[in-house]
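Reading the structure
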Amino acid sequence: MADFKLDKVVIYGVGLIGGSFALALKQSSAVGEVVGLGRSSASLEVAQGLGVIDRVGELADVRDADLVLLAMPVGKMEAVMAAIAPHLGDKTIVVDAGSTKQDVVAAAQRAFGNKLAQFVPCHPIAGAEKSGASAAHARLYIDKRVIVTPLQENTPFAIAIAEAAWTVCGGDVSVMTPAQHDAVFAAVSHLPHLLAFTLVDALAKRPDAAELFANAGAGFRDFTRIASSNPEMWRDICVANRSALIAEVDQYMTALLQARVLLAEADAEGLESTFANAREARNAWLEPLEK
Ligand code: NAD
């Protein structure tokens, strides 16, 4: 990776994910210039002030860029793709960081037309409940999985540039189909976010909310950390992946109803067996991550 260098990278949507990508490329000396685009010039100026981007650009900047990263909420991707498509140079590769893939691929098919081969769909499995360029940091992608869901139209060169860019940021690239991606992340990411948001919302609407929150401890804080995530971003993810997410909600409701039966029957053995199985599975998952 030592010799991987992009002369010009455009980040469209300079928040946590886009800003961290910019900082990671800079830290690895893998980029000449980072240009920021987005919907708010005030936040782009903040990003420039923080050194996340070198300058605020305009649409024409994508023409001679080596790489464009799309890092706005997934519901906004199609409009942005359509806006940049007429300006894209032949050699520019476009990647995204969106948390869902089938909708983003469908948007790209509509928006990019005969330039579709230049778009390589990606999703870094790294993030936080914080948002905006001020939350960005160069180490966000270190040892984090990055899913790439290549299109049939992509050239080996386009895929190699996309993979090398994430690798130089510290990511660990693996390949999936968009459908596999959306099914897996409905279970391990989108469902937990939906649960955390809806639990906190339901408690907050109760007449005794103040007393409940005053007494909530570390377990509540851990379980609900992701309910501090960006509502606009998670709205888009849940809507985009709703069919896979509804299937996961149904499976989870079945599991909850089974737990309810165990409770109603005071089935201590059944509850302990459920909890022990969960603890064993979680510990086995955590072990390699904590090395
Ligand atoms: P963020 O809120 O920190 O940043 C989003 C950026 O997009 C902001 O700079 C915002 O101004 C800009 N933006 C919003 N609407 C726009 C529009 N219409 N046109 C142009 N720019 C617009 O969010 P983030 O966490 O950086 O997420 C960005 C993308 O990365 C999303 O698609 C999200 O699904 C994905 N993602 C997020 C995480 C995470 O945990 N935060 C992890 C992996 C992938």
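Residues numbered from 1 in each chain as written. Predicted model: local features only at pLDDT ≥ 70, side-chain atom pairs only at ≥ 80, totals over all residues. Heavy atoms only, no water.

**Details of the pairing of strand β5 (residues 93-96)**
Let me state the cut-off plainly: Classification of residues uses two cut-offs on accessible area relative to the type maximum, computed with a 1.4 Å probe and protein chains only: under 20% is buried, over 50% is exposed, and between them is partly exposed. By definition, any uninterrupted DSSP run of H or I lasting at least four residues is a helix, any uninterrupted run of E lasting at least two residues is a strand, and each is numbered from the N terminus. By this definition, two strands are paired if DSSP reports at least two bridges between them. Seen with the strands pointing away from the viewer, any crossover whose path from the first strand over the helix to the second strand runs clockwise is right-handed.
Because side chains alternate across β5, one face comprises the buried residues I93 and V95, and the other comprises V94 and D96, equally buried. Sheet topology places strand β4 (residues 67-70) next to β5; 4 bridges connect them, and they run parallel. Bridging across to β5, L67 finds its partner in I93. Two strands pair when backbone bridges link them, and β5 and strand β6 (residues 119-120) are joined in this way by 2 bridges, in the parallel orientation. Across the sheet, V94 pairs through a bridge with F119, a residue of β6. The parallel pair β5 and β6, bridged by helix α4 (residues 102-112), forms a crossover whose chirality is right-handed.

**Brief notes about the packing of helix α6 (residues 178-204) against helix α9 (residues 231-240)**
The criterion, for reference: Lines fitted to C-alpha atoms define the axes, with helix axes restricted to the stretch in contact, and inter-axis angles between N-to-C directions lie between 0 and 180 degrees. Our angle categories are set so that under 35 degrees counts as roughly parallel, over 145 as roughly antiparallel, 65 to 115 as roughly perpendicular, and the remainder as oblique. Crossing handedness is defined as follows: a turn of the near helix away from the far one that is anticlockwise and smaller than a right angle gives a left-handed crossing, while the clockwise case is right-handed. We call two residues in contact when some of their heavy atoms are within 4.5 Å. Gly falls in the polar group here, along with every residue not listed as nonpolar (Ala, Val, Leu, Ile, Met, Phe, Trp, Tyr, Cys, Pro) or charged (Asp, Glu, Lys, Arg).
Where α6 contacts α9, the axes come no closer than 11 Å and their chain directions differ by 125°. Judged on the interaxial angle alone, α9 and α6 are oblique. The way α6 lies across α9 gives a crossing that is left-handed. Touching S189, H190, H193, L194 and F197 of α6 are W234, I237 and C238, all from α9. Here the contact of α6 with α9 is built from residues that sort into 5 nonpolar, 3 polar and no charged.

**Topic: the pattern of salt bridges**
Quick note on the threshold: Throughout this description, the term salt bridge denotes a Lys or Arg side-chain nitrogen within 4 Å of a carboxyl oxygen of Asp or Glu.
Across all of its chains, the model carries 13 salt bridges by this definition. The closest approach of N and O atoms between D64 and K8, which form a salt bridge, is 2.6 Å. Of this pair, D64 sits in the loop between β3 (55-56) and β4 while K8 sits in strand β1 (residues 6-12), and the two are 56 residues apart along the sequence. Using a relative accessible area of 9% as the deciding quantity, one classes K8 as buried. The partner of E78 in a salt bridge is R110, and the shortest N-O contact between them spans 2.7 Å. Placement of the pair is E78 in helix α3 (residues 77-84) and R110 in helix α4, with a sequence separation of 32 residues. Judged by its relative accessible area of 55%, R110 is exposed. One network of salt bridges, in which partners are shared, links K8, E33, R55, D61 and D64.

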